[in-house]
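The lines below spell out each chain.
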There are 2 protein chains.
Amino acid sequence: MSETWDLHQHGPASLWQQCAENLAAATASARHPFHLLTVASNTSTAGPDQRTVVLRSFNEAARTISFHTDIRSAKVSQLAACRHVSLHWYDPAARVQLRIAATAAVHHSDQRAAQAWHRSRTTSRACYTAANAPGSAVEVFPTAPPIPLDEDDRGLIHFAVVVCQFSALEVLSLHAAGHQRVRLLLVPEPMRWQLLAP
Amino acid sequence: MSETWDLHQHGPASLWQQCAENLAAATASARHPFHLLTVASNTSTAGPDQRTVVLRSFNEAARTISFHTDIRSAKVSQLAACRHVSLHWYDPAARVQLRIAATAAVHHSDQRAAQAWHRSRTTSRACYTAANAPGSAVEVFPTAPPIPLDEDDRGLIHFAVVVCQFSALEVLSLHAAGHQRVRLLLVPEPMRWQLLAP
């Protein structure tokens, strides 16, 4: 893999390849700088909302990423009202920002959710057995729910997969010799890019 | 400073004090985990947009933070249409997330902008002398603009300070023994907090 964020070294296809390899690697490693991302959604009243989520999957051909959430969380009702989301990664060591405008689909009580559930770790599943909905008022700090057994599917009822589909992404690479910014347009094929002033 | 993100060790006032000390320190040090934040604003058509910015100031009494931007950038026109912004920090080492819903005011060609300009570094000022507006299409990757002299104010015409005012913030602290989440309500005094399910 030609691991450089000097965009002078790239064309549209090789830059997308590099983004794709990084996103794929980030799903597998908690130490990858793109393992966590910030997702922004619209609230009904007070503008956007943001939170850190874990990148759970990336599908290069489908141009999707996914993350997991509790169906009772505020972001799910926000996505029901407005499916437009912004996905944002920043790697401070490489000084690279990825930005994606995507459309979100919430999978709950379906095959996609069941598959992701059965691939997830039991420690991750524990969160979904919590009695209180995320963001609801509580009297004391909750203790961690006990880690369920492998075959314990009690949390599945609250488990959702949010799949975000996109057709373009923006890369900003900071360099002392001049910042580089491009918008990659993945469809229609052949993909192309637009150079932008940083 | 009692530097702990175990919220069991805090009450509302001491937690706000800790947030305030961290935000103040983050304005002064590029190595502070809160030196960079993600700002989300609304676009007119396609939901929220996000970008990384540098935390330039924090005012505890006024409950404001600020960042700098180019008056020609997309976020400025987005803020003109909708002043609601989301501010987001995540420190992966401490496993702490701060979230703030704020109202943004853009300062351009006024005293606040001039003050911030004269306190900024000449290397930072160089960006604002670029001929092309940020995000505009270009034919080649631009090279870095030459670093202006101290008394060169050519960039000032494009320089803006975005001041974000807030009255509450949310802290999420991840712990193996149970995640902790609170909403700090800074006004009216005395400040209080609401414990939330994580």
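Worth saying up front: this structure is predicted, and the values here are computed from it rather than measured.

Draft legend 1. Structural detail: the overall build of chain A. Helix and strand content of chain A: four helices and ten strands. Secondary structure elements of chain A, listed N to C terminal, follow the sequence α-β-β-β-β-α-β-β-α-α-β-β-β-β. For a compact globule of 198 residues, the expected C-alpha radius of gyration is about 16 Å, and chain A comes in at 18 Å, within 12% of that figure. Expressed as lengths along the three principal axes of its C-alpha atoms, the size of chain A is roughly 55 × 40 × 35 Å. Per-residue burial for chain A yields a buried fraction of 48% across its 198 residues. Across chain A, contacts joining residues at least 24 apart in sequence account for 59% of those joining residues at least 6 apart. Of the roughly 9,300 Å² of accessible surface on chain A, 53% is carried by carbon and sulfur atoms. With 17 positive and 15 negative side-chain charges, chain A shows a spacing of 4 Å between the two charge centroids.

Draft legend 2. Structural detail: the pairing of strand 1 (residues 36–42) of chain A. All names here are of chain A. Taking burial as the measure, the seven residues of strand 1 include six buried ones, the bulk of the element. Pairing geometry for strand 1 and strand 2 (residues 48–54), over seven bridges, is antiparallel. Considered in strand 2, the bridge of A40 is made with Q50. Adjacent in sequence and paired antiparallel, strand 1 and strand 2 are bridged by five residues, among which G47 carries a positive phi angle near 80 degrees.

Draft legend 3. Molecular detail of the relation of the copies chain A and chain B. Between chain A and chain B, which share one sequence, the superposing operator has a rotation angle of 180 degrees and an axial displacement of 0.0 Å; the RMSD is 0.0 Å. Taken together, the rotation and translation relating the two chain copies correspond to the operation of a two-fold axis. Mapped onto chain B, 100% of the interface residues of chain A again fall at the interface, so both copies present the same surface.

Draft legend 4. Representation of the confidence of the model for chain A in the model. For chain A, per-residue confidence averages 95 on the pLDDT scale, and 99% of positions sit at 70 or higher. The ipTM, which scores confidence in the relative placement of chains, is 0.96 for this predicted complex, and the corresponding pTM is 0.97.

Draft legend 5. Region of the structure containing the interface of chain A and chain B. With 50 residues of chain A at the contact, the number on the chain B side is 50 residues. Roughly 3,700 Å² is buried in total at the junction of chain A and chain B, and carbon and sulfur atoms are behind 60% of that figure. The largest share of the area that chain A buries against chain B comes from P48, Q50 and F141 of chain A, three residues that together contribute 21% of it. Where chain A packs against chain B, one counts two salt bridges. In this structure, the salt-bridge partner of D49 of chain B is R99 of chain A, at a minimum N-O distance of 3.3 Å. Those elements that place two or more of their residues in the side of chain A that touches chain B are strand 1, strand 2, strand 5 (84–91), strand 6 (96–108), strand 9 (180–185) and strand 10 (192–196) of chain A.

Definitions and limits used
- Residues numbered from 1 in each chain as written.
- Chains lettered and ligands numbered in written order.
- Predicted model: local features only at pLDDT ≥ 70, side-chain atom pairs only at ≥ 80, totals over all residues.
- Heavy atoms only, no water.
- Helix = DSSP H or I, 4+ residues; strand = E, 2+ residues; numbered from the N terminus.
- Rg over C-alpha atoms; globule rule 2.2 N^0.38 Å.
- Buried < 20%, exposed > 50% of the residue type's maximum accessible area, 1.4 Å probe, protein only.
- Contact = heavy atoms within 4.5 Å.
- Areas by Shrake-Rupley, 256 points an atom, 1.4 Å probe, with all protein chains shown as cover.
- Lys, Arg positive; Asp, Glu negative; His and termini not counted.
- Charge placed at Lys NZ, Arg CZ, Asp CG, Glu CD.
- Pairing = 2+ DSSP bridges.
- Least-squares fit on C-alpha atoms with pLDDT ≥ 70 in both.
- pLDDT = per-residue confidence, 0-100.
- Buried area = accessible area lost by both parts, 1.4 Å probe.
- Salt bridge = Lys/Arg side-chain N within 4 Å of Asp/Glu carboxyl O.

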